[in-house]
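# Structure assessment
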Amino acid sequence: MAKPLPTAVRNHLTGLRLLLLFTVLCGLLYPLAITGISQVAFSSQANGSLVKDKNGNVVGSSLIGQNFTTTSADGKTVSPDPKLFQSRPSAAGASGYDPTASGGSNKGTNDADLATTYTQLKAAIATFNGVSQSQVPADAVTKSGSGLDPDISPAYAAIQVNRVAQARGLTDAQVQALVKKYTQDRTLGFLGEPRVDVLNLNIALTKAG
């Protein structure tokens, strides 16, 4: 009869078996099962809530804002595209909307630099959209907590309607109809605020002309 292994060795072997078992269960089978379920039941969300244009090309994510700019003929100047609705400002990264740099500025309302930045930004937005500074809403000059907010308020969209309509040769009514189509109500009727889906609105505008 073989001599029983020492207790310490048996304990180590039992621990090793459990380690291998739970490595397979939790490190392989469980992730594969969750990935499979998410791909079947929540495919869009699992793949980043990507948005595609009419040609099937990925143009962004419904969860992350982005810049809508145009480049001058000489390629030296990048500026906001007058034909498209502009997003809420971003605090994430030098180029804006960097998903790896999510976060606000952490500056308070009594910060002198912040106040100067807001004043300058409000003046620039008012000039760009041909409205008075008093018409520029708060979300047009302030950054969200994540710095990646993809939506804007109906008020910010409203001051951009005439500028977009003129740049595209459309009527204000045509543009307003698209804004209304891509305006989402409060979640469950009471959470958050109404918001405009800028990315899908701009895709619709591109299709319209």
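Each chain has its residues counted from 1, running along the sequence as written. Per-residue local features are limited, in this predicted model, to residues with pLDDT of at least 70; the limit for side-chain atom pairs, both in listing and counting, is 80 or more; totals at the level of whole chains, interfaces and linings are taken over all residues. With hydrogens and water excluded, all non-hydrogen atoms of the structure serve as input to the side-chain values.

### Considering the overall build of the chain
Under the DSSP-based scheme used, a helix requires at least four consecutive residues in state H or I and a strand at least two consecutive residues in state E, with every element numbered from the N terminus. In terms of helices and strands, the chain carries seven helices and seven strands. Counted from the first residue to the last, the chain has its helices and strands arranged as α-α-β-β-β-β-α-β-α-α-α-β-β-α. What the globule rule says is 2.2 Å times the number of residues to the power 0.38, and the radius of gyration is computed from C-alpha atoms. In terms of overall size, the chain is more extended than a compact globule, its C-alpha atoms giving a radius of gyration of 25 Å where 209 residues would be expected to give roughly 17 Å. Referenced to the eigenvectors of the C-alpha coordinate spread, the extents of the chain come out at roughly 95 × 45 × 45 Å. Categorising residues by exposure relies on relative accessible area from a 1.4 Å probe, with only protein chains included: less than 20% of the type maximum marks a residue as buried, more than 50% marks it as exposed, and the intermediate range marks it as partly exposed. Of all 209 residues assigned to the chain, the portion counted as buried reaches 28%.

### Remarks on the pairing of strand β2 (residues 58-61)
In this scheme, strands are said to pair when DSSP sees at least two bridges between them. Bridge analysis of strand β1 (residues 50-52) against β2 gives three bridges, and the strand direction is antiparallel. Residue K52 lies in a different strand from β2, and its bridge partner there is V58. Turn length for the β1-β2 hairpin, with the two strands adjacent in sequence and antiparallel, is five residues, and the turn residue G56 shows positive phi of about 85 degrees.

### Some points on the side chain of Q86
Within the secondary structure, Q86 sits in the loop between β4 (78-80) and α3 (112-129). Polar contact is the term for a pair of N or O atoms within 3.5 Å; when the atoms are in protein, one must be able to donate a hydrogen and the other to accept it, and sequence-neighboring residues count only if both atoms are side-chain atoms. A distance of 3.0 Å separates a polar side-chain atom of Q86 from the backbone oxygen of F68. Two residues qualify as a contact provided that any one of their heavy atoms is within 4.5 Å of a heavy atom in the partner residue. Residues within four places of Q86 in sequence aside, it is in contact with F68, P80, D81, F128, I152, Y156, Q160, R163 and V198.

### Regarding the sheet that holds strand β5 (residues 151-152)
Pairing is antiparallel in the open sheet, where three strands are placed in the order β5-β7-β6. In this open sheet, the two strands that pair with only one neighbour each are β5 and β6 (183-184). Where β6 meets strand β7 (residues 195-197), two bridges bridge the pair, whose relative direction is antiparallel. Each bridged residue has a counterpart across the sheet, and for T183 the counterpart in β7 is V196. Interaxial angle, 0 to 180 degrees, is taken between N-to-C directions of lines fitted to C-alpha atoms, where a helix line uses only the stretch in contact. Packing against the sheet, helix α7 (residues 198-208) makes contact with β5 and β7, and its axis sits at approximately 50 degrees to β7.

### What about the nonpolar core?
In this structure, F85, I125, V136, V175, V179, L201 and L205 are the most contacted members of the largest nonpolar core, which totals 27 residues. Taken together, the elements giving at least two residues each to this core come down to α3, α4 (154-158), α5 (161-168), α6 (172-181) and α7. In terms of residue count, α7 provides more of this core than any other element does, six residues in total. Contact partners of V175, with chain neighbours within four places excluded, come to F85, V161, V164, A165, L170 and L205. Here, nonpolar core means buried Ala, Val, Leu, Ile, Met, Phe, Trp, Tyr and Cys residues that are tied together by side-chain atoms lying within 4.5 Å of each other.

### Brief notes about α3
Residues that lie three or four places apart on an α-helix share one face, since the helix turns once every 3.6 residues. Here the expected span of a helix is defined as 1.5 Å times the quantity of residues minus one. In this model α3 runs 26 Å from its N-terminal to its C-terminal C-alpha over 18 residues, within 8% of the 26 Å that 1.5 Å per residue would give. Of the positions making up α3, those classed as buried are L114, I125, A126 and N129. All buried residues of α3 lie within an arc of 100 degrees about the axis, which places them on one face of the element. For α3, the exposed residues lying more than 90 degrees away from the buried face are A112, D113, T119, Q120 and T127. Turning to α3, the residues buried within the fold contact α4 and α5. The backbone nitrogen of D113 has a side-chain oxygen 3.0 Å away, supplied by the residue at the start of α3, namely D111. In the stretch just after α3, G130 is the one whose phi turns positive, near 65 degrees. Relevant arc is that of directions from the helix axis to the C-beta atoms, nothing else.

### A few points about α5
For α5, the complete set of buried residues consists of V161, R163, V164, A165 and R168. Lining the buried residues of α5 we find α3, α4, α6 and α7.

### Remarks on the pattern of salt bridges
Salt bridge criterion: a side-chain nitrogen from Lys or Arg within 4 Å of a carboxyl oxygen from Asp or Glu. Evaluated as defined, the whole model comprises three salt bridges. Residue R195 pairs with D151 through a salt bridge whose shortest N-O separation is 3.9 Å. Highlighted residues: R195 in strand β7 and D151 in strand β5, separated in sequence by 44 residues. Put simply, R186 and E193 hold a salt bridge, and the shortest N to O gap is 2.9 Å. Accessibility expressed as a relative area gives 34% for R186, which makes it partly exposed. Accessibility expressed as a relative area gives 53% for E193, which makes it exposed.

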